[in-house]
Amino acid sequence: MEIQTASIRDLGALHRLEHACFEKDAWPLLDLIAVLTWPDVVRLKAVENGELVGFVAGDPRPSEDASWVATIGVDPRYQRRGIGRALLHACEEKTKLPRMKLTVRMSNEPAISLYEKEGYRSVDIWKRYYNDGEDGLVMEKRLQGK
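Residues numbered from 1 in each chain as written. Predicted model: local features only at pLDDT ≥ 70, side-chain atom pairs only at ≥ 80, totals over all residues. Heavy atoms only, no water.

Novice: What am I meant to see in the overall build of the chain here?
Specialist: In terms of regular secondary structure, the chain is built from four helices and seven strands. Mapped in sequence order, the helices and strands of the chain form the string β-α-α-β-β-β-α-β-α-β-β. Over its C-alpha trace the chain gives a radius of gyration of 14 Å, about what one expects of a compact globule, namely 15 Å for 146 residues. Referenced to the eigenvectors of the C-alpha coordinate spread, the extents of the chain come out at roughly 35 × 35 × 30 Å. Expressed as a percentage of the 146 residues in the chain, the buried residues total 48%. In the chain, once contacts between residues fewer than 6 apart in sequence are set aside, the share between residues at least 24 apart is 58%. Side-chain charges in the chain split into 22 positive and 23 negative, and the spacing between the mean points of these groups amounts to 2 Å. (Helix = DSSP H or I, 4+ residues; strand = E, 2+ residues; numbered from the N terminus. Rg over C-alpha atoms; globule rule 2.2 N^0.38 Å. Buried < 20%, exposed > 50% of the residue type's maximum accessible area, 1.4 Å probe, protein only. Contact = heavy atoms within 4.5 Å. Lys, Arg positive; Asp, Glu negative; His and termini not counted. Charge placed at Lys NZ, Arg CZ, Asp CG, Glu CD.)

Dropping the structure here:
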């Protein structure tokens, strides 16, 4: 597995990945185009055998002194192999801001466990954040040396 910078040429593969990972929460095409083209966004893909199998986007918010993990996902066929952790680390390394934040479904215990192991702590709950009304857990990590 190799982590590479993603580009607009990855739009089709990213669209398929979003639907495989998130179903009801998958981003529409216009949002995917934006994340692949917006200036300053960190966009990284995990590639295995020439196939996009994971993706992360880090959205810098200098006014908050933090970057947000806008989306992170690994193809279900490739999960539990450390790809999500590698993408998260790579995104953290690329950000220039001292904190990284993210939002995760309250019911996504495997993801919450991963984030906690990686040093993220719960800082807030956004009520009815997701399309189906589920709450979002906001987590934050202070990055070393930034």
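So, next bit.
Novice: Looking at this structure, how should I read the sheet that holds strand β4 (residues 66–74)?
Specialist: Sheets are built from strands paired through backbone hydrogen bonds, the pairs being either parallel or antiparallel. The seven strands are arranged β1-β2-β3-β4-β5-β7-β6 in an open sheet whose pairing can be described as mixed. Where the open sheet ends on each side, the last strands, each with one partner, are β1 (2–5) and β6 (121–126). Neighbouring strand axes in the sheet, compared pairwise and without regard to direction, differ in orientation by 25 degrees on average. Pairing of β1 with strand β2 (residues 42–48) involves four bridges; the strand directions are antiparallel. Residue Ile3 lies in a different strand from β2, and its bridge partner there is Ala46. Contacts from helix α3 (residues 83–94) reach β1, β2, β3 (51–61), β4, β5 (99–105) and β7 (136–142) within the one sheet, and its direction differs from that of β2 by about 150 degrees. (Pairing = 2+ DSSP bridges. Axes fitted to C-alpha atoms, helices over the stretch in contact; angles between N-to-C directions.)

Novice: Which parts of the structure should I look at to understand the packing of aromatic side chains?
Specialist: In this description, an aromatic ring pair is defined by two values, namely the gap between the centres and the angle between the planes. One pass over the structure, following the stated rule, counts four aromatic pairs. Ring centres 5.3 Å apart and planes at 50 degrees place the aromatic pair Trp126 and Tyr129 in the tilted group. Classification of Trp126 by relative accessible area gives partly exposed; the value is 32%. Taken together through their ring pairs, the aromatic side chains of Trp68, Trp126, Tyr129 and Tyr130 make up a single cluster. Residue placement shows Arg105 over the ring face of Tyr130; its charged tip is 4.5 Å from the ring centre. (Phe/Tyr/Trp six-rings, centres within 6.5 Å; stacked < 30°, edge-to-face > 60°. Lys NZ or Arg CZ within 6 Å of the ring centre and 35° of its normal.)

Interpretation in functional terms is not warranted from these geometric data alone.
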